[in-house]
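# Survey of secondary and tertiary structure
Below, each chain spelled out in residue letters.
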Amino acid sequence: MKIIVPTYYRDFTCIAGACKHSCCIGWEIDIDDETNEIYRRIGGDFGMRLSHNIDSEDGQAHFRLDEDERCPFLNKHGLCDIILTLGEDHLCQICSDHPRFRNFFSDRTEIGLGLCCEAAGKLILFGDRDFELTLLCEDDEKTTALTDDEVELLSIRQDIVSLLCDRSLTLSERAARLCAGWGNSLPHKSIAEWAAFYRSLECLDPKRDEILTVLESASIEELHFPLDSDTERAFERLLCYFIFRHLSGALEDFRYEARISFALLSLLMIYSAASVIYHRKKSLSHAVLIDLVRIYSSEIEYSEENMEAILNELE
Ligand code: SF4
């Protein structure tokens, strides 16, 4: 089995205590059965601490978050006491995987980094590497040849990524060609109307509504801003990321157009929010853009319900 990753994948490291929006806060973390079994066998004080801080619902174990929604093993320095006490190999699957996601094909697994993590966001948007896939390794797991649908999807995706990376065109020309080339067009809505639609979705982070309020109150002039080369490149990479992460879902649901439209709509919403901030604050730092992307990703990409609602709206 081939493991395929974006070239920036190898450069990722969790910034742990320096992370301002730790994934160990605000998310309920399920513990896989195998790790839970290992935790049950840990003795001594730490074993007691584990058993006091793990709940189970319908047979699914998870860490019991404290009143501030922090994982009980996240210490005051922002470090994980399970890693410090037992070692990194004792993390449950979700903790050791985050912020990675996987897309499965007959002969390969693709692994990417999710933008809900600020360290991944910095790397994806502003790191040294543009979007490009590479072979990370090949293991002995048995595979079969790619199906016709997979071959077609990978070919479409490659064509899209080549278009998105064509810097002889402006970003808006690339987005327009993406629409034209794959017969897409976004439903006709103003940014304020899209913001109202996003407000109707499940909300995980109250900051989302602050951003939507900003979008709902924006003037036409505030919805466009000049892109410097770094920011234009960041938006290009963002589009590539959304295509890489979400197009392969069309193998299951055949919603090619809606998934391409999702990438475009996501870019439009993030660009628009960035533009209003640029006008009101007279600048747009990398950190602010990374944070906008982080909020968008965690609100939308990590909620199946929200993804489904948007894809339905775009069909
Ligand atoms: S969000 Fe990313 S950088 Fe922050 S703690 Fe989680 S994996 Fe590490």
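Above this text sits the structure in question.
Predicted model only: the values in this text are computed from it and were never measured.

## Digging into the pairing of strand S6 (residues 108–113)
Among the 6 residues that make up S6, 6 are buried, leaving the element largely enclosed by the rest of the structure. Burial of the side chains of S6 extends over both faces: Arg108, Glu110 and Gly112 are buried on one face and Thr109, Ile111 and Leu113 on the other. Where strand S1 (residues 2–6) lies against S6, 3 bridges are found, and the strand directions are parallel. Across the sheet, residue Ile3 finds its bridge partner in S6, namely Thr109. In terms of strand pairing, strand S5 (residues 100–104) meets S6 through 5 bridges, oriented antiparallel. Looking at the pairing, Arg102 lines up with Ile111 of S6. Between the end of S5 and the start of S6, which pair antiparallel, lie 3 residues.

## Quick notes on the pattern of salt bridges
Inspection of the entire model under this criterion finds 26 salt bridges. Ionic pairing is found between Arg167 and Glu236, a salt bridge with its closest N-O pair at 2.8 Å. On the criterion of sequence distance, the pair formed by Arg167 in the loop between helix H6 (148–164) and helix H7 (171–181) and Glu236 in helix H10 (residues 229–246) is long-range, its members being 69 residues apart. Ionic contacts of the salt-bridge type, sharing partners, join the residues Asp130, Arg167, Arg174, Glu232, Glu236 and Arg237 into one network.

## Description of unusual backbone geometry
Residue Pro99 is bonded to the preceding His98 through a cis peptide linkage, with omega at 5 degrees. Take Pro99: it is sitting in the loop between helix H4 (93–97) and S5. Even without glycine at this site, Phe254 takes up a positive phi of about 60 degrees. Its place among the elements puts Phe254 in the loop between helix H11 (250–253) and helix H12 (256–281). At Lys282, a residue that is not glycine, the phi angle is positive and equals roughly 70 degrees. Secondary-structure assignment places Lys282 in the loop between H12 and helix H13 (286–301). With a relative accessible area of 69%, Lys282 lands in the exposed category.

Cut-offs and rules
Residues numbered from 1 in each chain as written. Predicted model: local features only at pLDDT ≥ 70, side-chain atom pairs only at ≥ 80, totals over all residues. Heavy atoms only, no water. Buried < 20%, exposed > 50% of the residue type's maximum accessible area, 1.4 Å probe, protein only. Helix = DSSP H or I, 4+ residues; strand = E, 2+ residues; numbered from the N terminus. Pairing = 2+ DSSP bridges. Salt bridge = Lys/Arg side-chain N within 4 Å of Asp/Glu carboxyl O.

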